[in-house]
Amino acid sequence: MGLIVGLEEKLPSGFLLTTVEKLAGYMRKNSLWPATCGLACCAIETMAAGAGRYDLARFGMEVFRASPRQADLMIVAGRVSNKMAPVVRQIYDQMAAPKWTIAMGACASSGGMFNNYAIVQGVDHIIPVDIYLPGCPPRPEMLMDAILKLHEQIGNEKLGPNREKIIKEVEAAALAAKPNHQLKGLLT
Ligand code: SF4
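Residues numbered from 1 in each chain as written. Predicted model: local features only at pLDDT ≥ 70, side-chain atom pairs only at ≥ 80, totals over all residues. Heavy atoms only, no water.

*Asks:* Describe the site of the ligand, listing the residues and the values that go with them.
*Replies:* Close to the ligand lie Ala40, Cys41, Cys42, Gly78, Arg79, Ala106, Cys107, Met113, Gly135, Cys136 and Pro137, which account for all nearby residues. The residue makeup of the shell around the ligand, split by class, is eight nonpolar, two polar and one charged. (Near = heavy atom within 4 Å. Nonpolar A, V, L, I, M, F, W, Y, C, P; charged D, E, K, R; others polar.)

The structure is reproduced here in structure tokens:
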């Protein structure tokens, strides 16, 4: 992983870059190690996904790491209280790059039913999120589906100049988008 991160700075463009991207994507998606990050009831489903019946080990990622330095996937399983927010952020910061995040369940994705002062209204207020997984709680099959979708995403991730181009396009689209207060849902 460290080798690939180093390579990214000296990547060529064209055909060779496409080949390196595919190889890096293949290796990254098949070697995800999640950080242990259970915050509430959704964590029970995460544990079930790792146990014998659902057997997350089939995807090569049964090793939930106790140290963020050995992990590159954060599954935020449960609601994030304001008190826990700095801890979640610190764990994320200590994880090895490149890293990915799944917001598991309604609470982690949006605050869920806890629309109050104690709960962060979506973990994307404190860390970037790659996949939002709905449900209260999502079943282990749904978590596994989210992980497989993330595998697809990681497998197709661009590197070097291609990545910079995509970031610029996304930024331009975000700047051109209508502000939230002007959106009227189905009425527009
Ligand atoms: S989404 Fe439901 S199961 Fe998950 S943490 Fe919130 S209340 Fe608990």
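Okay, back to it.
*Asks:* Let's hear about the sheet that holds strand S1 (residues 34-35): which residues, and what values?
*Replies:* Adjacent strands of a sheet pair through backbone hydrogen bonds, lying either parallel or antiparallel. Strand order in the open sheet formed by four strands is S1-S2-S3-S4, and the pairing between neighbours is parallel. The sheet is open, and its two borders are formed by S1 and strand S4 (131-133), each paired with just one other strand. By the bridge criterion, five bridges tie strand S2 (residues 73-77) to strand S3 (residues 100-104) in an arrangement that is parallel. Counterpart to Ala77 in the pairing with S3 is Met104. Helix H6 (residues 140-155) rests against S2, S3 and S4 of the sheet, and its axis sits at about 165° to S4. (Pairing = 2+ DSSP bridges. Helix = DSSP H or I, 4+ residues; strand = E, 2+ residues; numbered from the N terminus. Contact = heavy atoms within 4.5 Å. Axes fitted to C-alpha atoms, helices over the stretch in contact; angles between N-to-C directions.)

*Asks:* Hey, could you go over the pattern of salt bridges for me, with residue numbers and the actual values?
*Replies:* By the definition in use, this model includes four salt bridges. Asp93 serves as the salt-bridge partner of Arg89, at 2.9 Å between the closest nitrogen and oxygen. Here Arg89 pairs with Asp93, and both are found in helix H4 (residues 85-94), just four residues apart, close to one helical turn. Given the relative accessible area of 33%, Arg89 is considered partly exposed. Here Lys149 makes a salt bridge to Asp145, at a shortest N to O gap of 2.9 Å. Placement of both Lys149 and Asp145 in helix H6 is noted, with a separation of four residues, approximately one turn of the helix. Residue classification places Asp145 among the partly exposed positions, given a relative accessible area of 37%. (Salt bridge = Lys/Arg side-chain N within 4 Å of Asp/Glu carboxyl O. Buried < 20%, exposed > 50% of the residue type's maximum accessible area, 1.4 Å probe, protein only.)

*Asks:* For a nonpolar patch on the surface, give the residues involved together with the corresponding values.
*Replies:* Where nonpolar side chains cluster on the molecular surface, the patch consists of Leu23, Tyr26 and Met27 and spans about 330 Å² of accessible area. Among the structural elements, Met27 can be located in helix H2 (residues 15-29). (Patch = residues over 30% accessible without salt bridge, like charges linked within 9 Å, V, L, I, M, F, W, Y side chains within 5 Å. Areas by Shrake-Rupley, 256 points an atom, 1.4 Å probe, with all protein chains shown as cover.)

*Asks:* Describe the side chain of His151, listing the residues and the values that go with them.
*Replies:* Relative to the helices and strands, His151 resides in helix H6. Apart from the residues within four sequence positions on either side, His151 is in contact with Lys29, Leu32, Phe59 and Met61.

*Asks:* Hey, could you go over unusual backbone geometry for me, with residue numbers and the actual values?
*Replies:* Here Ala97 and Pro98 are connected by a cis peptide whose omega angle stands at -5°. Secondary-structure assignment places Pro98 in the loop between H4 and S3. With phi around 55°, Asp55 is a residue other than glycine that occupies positive phi space. Summarising the element assignment, Asp55 is placed in the loop between helix H3 (42-50) and S2. Its relative accessible area of 30% is what places Asp55 among the partly exposed residues.

*Asks:* Could you give an account of the environment of Phe64, with specific residues and numbers?
*Replies:* Structurally, the position occupied by Phe64 is in the loop between H3 and S2. Look at Phe64 and you get partly exposed, because its relative accessible area is 26%. Placed 28 residues apart in sequence, Phe64 and Thr36 show a C-alpha to C-alpha distance of 5.6 Å. Each residue touching Phe64, except ones within four places of it in the same chain, is listed here: Pro34, Ala35, Thr36, Thr46, Leu56 and Ile75.

*Asks:* Could you give an account of the packing of aromatic side chains, naming the residues involved and the relevant values?
*Replies:* This structure, assessed with the given rule, holds zero aromatic pairs. A cation over an aromatic ring shows up here: Lys99 above the ring of Tyr92, its NZ or CZ 4.6 Å from the ring centre. (Phe/Tyr/Trp six-rings, centres within 6.5 Å; stacked < 30°, edge-to-face > 60°. Lys NZ or Arg CZ within 6 Å of the ring centre and 35° of its normal.)

*Asks:* How would you explain the pairing of S3 if you had to name every residue and give the values?
*Replies:* With five of its five residues buried, S3 lies for the most part within the structure. Here S3 shows no split at all, with Trp100, Ile102 and Met104 on one side and Thr101 and Ala103 on the other all buried. In this sheet, S4 lies alongside S3 in parallel orientation, the contact comprising three bridges. Bridged to Ala103 within S4 is Tyr132. Between the parallel pair S3 and S4, the chain is carried across by helix H5 (residues 105-110), and the sense of this crossover is right-handed. (Right-handed = clockwise from strand over helix to strand, strands pointing away.)

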